[in-house]
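Examining the three-dimensional arrangement
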Amino acid sequence: MVERALELSGADGCMVLADESSTANLRFAGNTLTTNGVAHSSRLTVISVVGEGVGVVSRAAVRPGQLADVVAAADRAAREARPAEDARPLVEGVPASPSWGEPVTPTDIGVFEGFAPALGEAFATAESGGRKLYGFAEHSRTTTFLGTSAGLRLRHDQPSGRLELNAKSADLKRSAWTGVATRDFSDVDVTGLDSSLARRLEWAKNRIDLPAGRYETLLPPSAVSDLMIYMYWSAGARDALDGRSVFSKPGGGTRVGERLAELPITLAGDPSAPGLECAPFVVAHGPSREASVFDNGLPLEPTAWLRDGRLEALPQTRYSAQLSDMPVTPSIGNLIMTGGEGGRSLEEMIASTRRGLLLTCLWYIREVDPQSLLVTGLTRDGVYLVEDGEVVGEVNNFRFNESPVDLLGRVSEVGSSGQTLPREWNDYWTRAVMPALRVPDFNMSTVSQAS
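Since this is a predicted model, take the numbers as computed values, not measurements.

Let's shift gears to the nonpolar core. The biggest cluster of nonpolar side chains holds 74 residues, and the ones touching the most others in it are L219, M228, F247, L335, M337 and L357. Here this core gets eight residues from one element, more than from any other, and that element is helix α5 (residues 221–233). Setting aside anything within four residues of it in sequence, one finds M337 in contact with V224, M228, I265, T266, L267, L408, S417, V433, M434, P435 and L437. Core analysis: the next-biggest nonpolar cluster, separate from the first, contains 32 residues, L26, F185, L218 and Y384 among them.

Spelled out as structure tokens, the structure:
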């Protein structure tokens, strides 16, 4: 399909992206498997360039007989388009992927061969312990083909998996959540996850009401990932250059080079990071302020966005890099946060806490002010009070108001880092390594009635 589309195009330049996706899932409620299934989908995107005009047409499930119409529509849109400000020569000289011509291997229900029996054992354990397990396991595999009239023939196969596990007491009044990301479910310890949920439900037997206010707070890796991912999504160099974001420098330019954190925090992306492997080249299905279709196929390298607390780079296209006079640093599909050597585990951080809150996860995160990146959201599925190194009970939920950027400057401890699953954003992002953070004055702005 890619090769034929390139042959059919009458544009000055053409890029074709073909995505073949498959998913397999298990869903369960009340210690019982409820549904399972497999789905397949495909999408073809044709990007035509005439002069400096760009036309993009994307269609699902394109059949061979429909291909000419899709290409003609993209060519026509390019001829009618105004010149694109980010127009650049198409990327050349990238070696072809060795697997370019190999068949696509979809995922199937067999990916759960080892996981499903362990889940069944967890159901039995939970039932005997008087709790109910709810959630889902999902595995996907997307193969992306990129071919261009400049000679690129690139392919990337992306497996992704996630498990969300929620435990509830028999009366449904207590709830605890955990989740993990995985590439193939061979590394998922369901027994260990269920055991951690059982412990949290025990903590929740003692209920303590607290008012709104600023509290010393331990943010586990999942909560940290939700905040850092949103910050990363908001870090586009183009918006910063235009004065639209928290990364804009007063008077013009960006804040690259400024210190955002006193602690040696590093935030980076690496397409070849073990367990977090992602596309090693730019994949842009359409133009946006964060991505340029002209950069399709541009190789990606390990990039530090924040290094030892200092803002090192912002996601840049070739166009924005020319405007900012900075290196080209396109977005990467994973995010890795570390805080230097010797970070303690979350359990060790709890043991050293005189009085503070321990969160489980964040939910319904929404932006309030882009200039400061102030966001609001809710706590969910367990906020616990820690006193003298021990969890003494569960407290009410809160609405919070915080800026991830401002929060970086107030962090007093960074724990050890490990792979985690964001709660809010895992529909879109599963490849993250994050630490737990200690914040001395996390802003719980109001009490939430959510339970």
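Turning next to helix α3 (residues 115–128). Counted at 1.5 Å a residue, the expected span for α3 with its 14 residues is 20 Å, and the 20 Å between its end C-alpha atoms agrees. Of the positions making up α3, those classed as buried are F115, L119, A122, F123 and A126. Down the axis of α3, the buried side of the element spans an arc of 105 degrees, and every buried residue falls inside it. For α3, the exposed residues set more than 90 degrees away from the buried face come down to E121 and S128. Following α3 by one or two positions, G130 adopts a phi angle in the positive range, close to 75 degrees.

Tallying each qualifying case throughout the model produces 14 aromatic pairs. Ring geometry for F112 against F115: centres 6.1 Å apart, planes inclined by 50 degrees, an arrangement best described as tilted. Overall, F115 belongs to the buried group, its relative accessible area being 2%. Ring centres of Y215 and F398 lie 6.0 Å apart, and the angle between their planes is 45 degrees; on these two criteria the pair is classed as tilted. Placement of the pair is Y215 in strand β8 (residues 213–219) and F398 in strand β16 (residues 398–402), with a sequence separation of 183 residues. Residue Y215 shares its accessibility class with F398, and that shared class is buried. Members of the aromatic cluster, each reached through a chain of ring pairs, are Y230, Y232, W233, W305, W425, Y428 and W429. Lying over the aromatic face of Y364, R366 brings its terminal NZ or CZ to 4.1 Å of the ring centre. Its guanidinium or amino end placed over the ring of W363, R380 lies 4.1 Å from that ring's centre, counting from NZ or CZ.

Strand order across the open sheet formed by six strands is β3-β2-β1-β4-β5-β6, with antiparallel pairing between neighbours. Every interior strand has two partners, whereas the edge strands, β3 (53–60) and β6 (175–182), have only one. The mean inter-strand angle of the sheet, taken between neighbouring strand axes irrespective of direction, is 15 degrees. Pairing analysis gives 17 bridges linking strand β4 (residues 131–148) to strand β5 (residues 153–169), with the strands arranged antiparallel. Bridge pairing links G135 to L165 in β5. Against the sheet, helix α2 (residues 67–80) makes contact with β2 (32–50) and β3, and its axis sits at roughly 50 degrees relative to β2, the strand it touches most.

Rules used throughout
Residues numbered from 1 in each chain as written. Predicted model: local features only at pLDDT ≥ 70, side-chain atom pairs only at ≥ 80, totals over all residues. Heavy atoms only, no water. Core = buried A, V, L, I, M, F, W, Y, C linked by side-chain atoms within 4.5 Å. Buried < 20%, exposed > 50% of the residue type's maximum accessible area, 1.4 Å probe, protein only. Helix = DSSP H or I, 4+ residues; strand = E, 2+ residues; numbered from the N terminus. Contact = heavy atoms within 4.5 Å. Expected span 1.5 Å × (residues − 1). Arc of directions from axis to C-beta. Phe/Tyr/Trp six-rings, centres within 6.5 Å; stacked < 30°, edge-to-face > 60°. Lys NZ or Arg CZ within 6 Å of the ring centre and 35° of its normal. Pairing = 2+ DSSP bridges. Axes fitted to C-alpha atoms, helices over the stretch in contact; angles between N-to-C directions.

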